[in-house]
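Fold and contact review
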Amino acid sequence: MTLELLGRSLSDLASEIPGATRVFHQHRLDFCCGGHVSLREAAERRSVDTAGLVQALKQLQEQARENGEDWRQVPVPQLIAHLVQRYHEVHREQLPELIRLARRVEVRHQDHPHCPAGLADVLESLQQELESHMHKEERVLFPMLTHGSDSMAQSPIAVMRLEHEQHGESLEDVLELTQDLQLPQDACTTWRALYGGLEQFRQDLMEHIHLENNILFKNSTERVHGGGHA
């Protein structure tokens, strides 16, 4: 079992084991855009103890046998409704406040050696990219998938996957500007609220991309080729 888990890709484990994404978040393992690599390779890159990871995943597997949502088995309209309500609408609330907090921190602490200079601009660019992306999904791609037009959806899916990669790059820029969201000891309340909000946004966006790339889009592509979930 240990060798099997270590050889599986992060995206597959995230899809199959409810709660696995929480473990990956804790160790900064990219299971969405970078989810194609194996658990072993990802852990080695981040110098994470593989034994601890495997143990945590095994415990989650045991819990999942008792209960847990398997999004791979959820009907397409239900999954899409979840994506829009839980992630699209939440991102639209998160980013304006994060931008406001970032501007405030940059102005008040511009002389601090750890001030995340340029963060608000990065977040504004990400907001524009993400809003355009979500709009295209809601108006074009999601209706296609809801009505079973999987063949027609493959070209838009390819574009959405590419844009997901861009979102992942923007998250990397955020982590670089904030020194991996590490607060200085003298950080004020606003600074702490900003980084706390950024961490939640980061987790939400990664979960969002994971559900689309590794479940919704993957299932659609498999249906076109005759091997996916209904």
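Description of the structure in this document.

What counts, and at which threshold
Position numbers for residues start from 1 in each chain and track the written sequence from start to end. Reporting of local features is limited, given that this is a predicted model, to residues whose pLDDT is at least 70; pairs of side-chain atoms are given and counted only at 80 or more, and all residues count toward the totals for whole chains, interfaces and linings. Water and hydrogen atoms were dropped before computing side-chain values, which therefore reflect all heavy atoms in the structure. Labels follow the DSSP assignment, with helices taken as runs of H or I lasting at least four residues and strands as runs of E lasting at least two, numbered in each case from the N terminus. As a reference, a globule follows 2.2 Å times the number of residues to the power 0.38, and the radius of gyration itself is taken over C-alpha atoms. Relative accessibility under 20% of the residue-type maximum defines a buried residue, over 50% an exposed one, and the middle range a partly exposed one, all with a 1.4 Å probe and only protein chains included. For this analysis, residues touch if any pair of their heavy atoms sits within 4.5 Å. The protein chains shown are the only cover counted for residues, whose accessible areas, like all others here, come from Shrake-Rupley with a 1.4 Å probe. By the counting rule applied here, Lys and Arg register as positive and Asp and Glu as negative, while His and the ends of each chain are not counted. Note that the charge is assigned to NZ on lysines, CZ on arginines, CG on aspartates and CD on glutamates. Comment: axis = line fitted to C-alpha atoms, over the contacting stretch for helices; angle = value between 0 and 180 degrees taken between N-to-C directions. Put simply, angles under 35 degrees are roughly parallel, angles over 145 are roughly antiparallel, angles from 65 to 115 are roughly perpendicular, and the rest are oblique. Here is the rule for handedness: rotate from the far helix to the near one, and if that takes an anticlockwise turn smaller than a right angle the crossing is left-handed, while a clockwise turn gives right-handed. The nonpolar class holds Ala, Val, Leu, Ile, Met, Phe, Trp, Tyr, Cys and Pro. Asp, Glu, Lys and Arg form the charged class, and all remaining residues, Gly among them, are polar. Note on bend: the value at a residue is the angle between axes fitted to the seven residues ending there and to the seven starting there. Working rule for helices: expected span equals 1.5 Å times residues minus one. Only the six-membered ring of Trp is used, alongside the rings of Phe and Tyr, when aromatic pairs are assigned; centres must lie within 6.5 Å, and planes under 30 degrees apart are stacked while those over 60 apart are edge-to-face, with the rest tilted.

**Re the overall build of the protein chain**
Each helix and strand counted, the protein chain has 9 helices and 0 strands in total. Relative to its length of 230 residues, the protein chain is compact, with a C-alpha radius of gyration of 19 Å against a globular reference of 17 Å. For the protein chain, with 230 residues in total, the buried portion stands at 45%. Restricting the contact set of the protein chain to residue pairs at least 6 apart, pairs at least 24 apart contribute 74%. Accessible area for the protein chain stands at about 11,600 Å²; split by element, carbon and sulfur atoms hold 48% of it. Charged side chains of the protein chain number 22 positive and 36 negative; the gap between the two group centres comes to 3 Å.

**Things to note about the packing of helix 8 (residues 150–177) against helix 9 (residues 189–224)**
Each pair of packed helices gets described by two things: the angle between the helix axes and the distance between those axes. Relative orientation of the contacting elements helix 8 and helix 9 amounts to 160°, with a least axis distance of 10 Å. Judged on the interaxial angle alone, helix 9 and helix 8 are roughly antiparallel. Remark: the crossing between helix 8 and helix 9 carries left-handed chirality. A class-by-class count of the residues in the contact of helix 8 with helix 9 yields 12 nonpolar, 7 polar and 6 charged.

**Some remarks on the packing of helix 7 (residues 119–146) against helix 8**
Direction vectors running N to C along helix 7 and helix 8 enclose 165°, while the axes themselves pass 10 Å from each other. When the axis of helix 7 is compared with that of helix 8, the two are roughly antiparallel. The chirality of how helix 7 crosses helix 8 is left-handed. Class assignment of the residues belonging to the contact of helix 7 with helix 8 gives a composition of 15 nonpolar, 4 polar and 6 charged.

**So, the side chain of T21**
Among the structural elements, T21 can be located in helix 3 (residues 20–26). Setting aside its immediate chain neighbours within four residues, T21 contacts A14, F31, E207 and H210.

**With respect to helix 7**
The largest bend in helix 7 amounts to roughly 45° and is located at E137. Those residues of helix 7 lying buried are L119, A120, L123, L126, L130, H133, M134, E137, L141, F142, M144 and L145. The inward-facing, buried residues of helix 7 contact helix 6 (76–108), helix 8 and helix 9. At the C-terminal side of helix 7, G148 shows a positive phi close to 75°.

**Describing helix 9**
Over its 36 residues, helix 9 extends 51 Å from the first C-alpha to the last, a length consistent with the 52 Å expected when each residue adds 1.5 Å. Once helix 9 finishes, G226 follows within two positions and takes phi at roughly 80°, a positive value.

**Considering the packing of aromatic side chains**
Applying the stated criterion across every chain, the model contains 2 aromatic pairs. Measuring from ring centre to ring centre gives 6.1 Å for F24 and F31, while their planes differ by 40°; the resulting arrangement is tilted. Across the pair, exposure class does not vary: F24 and F31 are buried alike. A centroid spacing of 6.3 Å and a plane angle of 85° characterise the contact between W191 and Y195, whose relative ring orientation is edge-to-face. Taken together, the residues span about one helical turn, with W191 and Y195 both in helix 9 at a distance of 4 residues.

**Digging into unusual backbone geometry**
Peptide bonds are, in most cases, trans, and in most cases residues other than glycine have a negative phi. In this structure, R28 takes a positive phi of about 55° despite not being glycine. Its place among the elements puts R28 in the loop between helix 3 and helix 4 (39–45). Phi is positive for S47, which is not a glycine, with a value near 55°. Positionally, S47 belongs in the loop between helix 4 and helix 5 (50–64). In this structure S47 comes out as exposed when scored by relative accessible area, which is 69%.

**Brief notes about the side chain of H167**
Looking at the secondary structure, you find H167 in helix 8. A relative accessible area of 1% places H167 in the buried class. Residues in contact with H167, not counting those within four places in the same chain, are L126, E129, L130, H133, L205 and I209.

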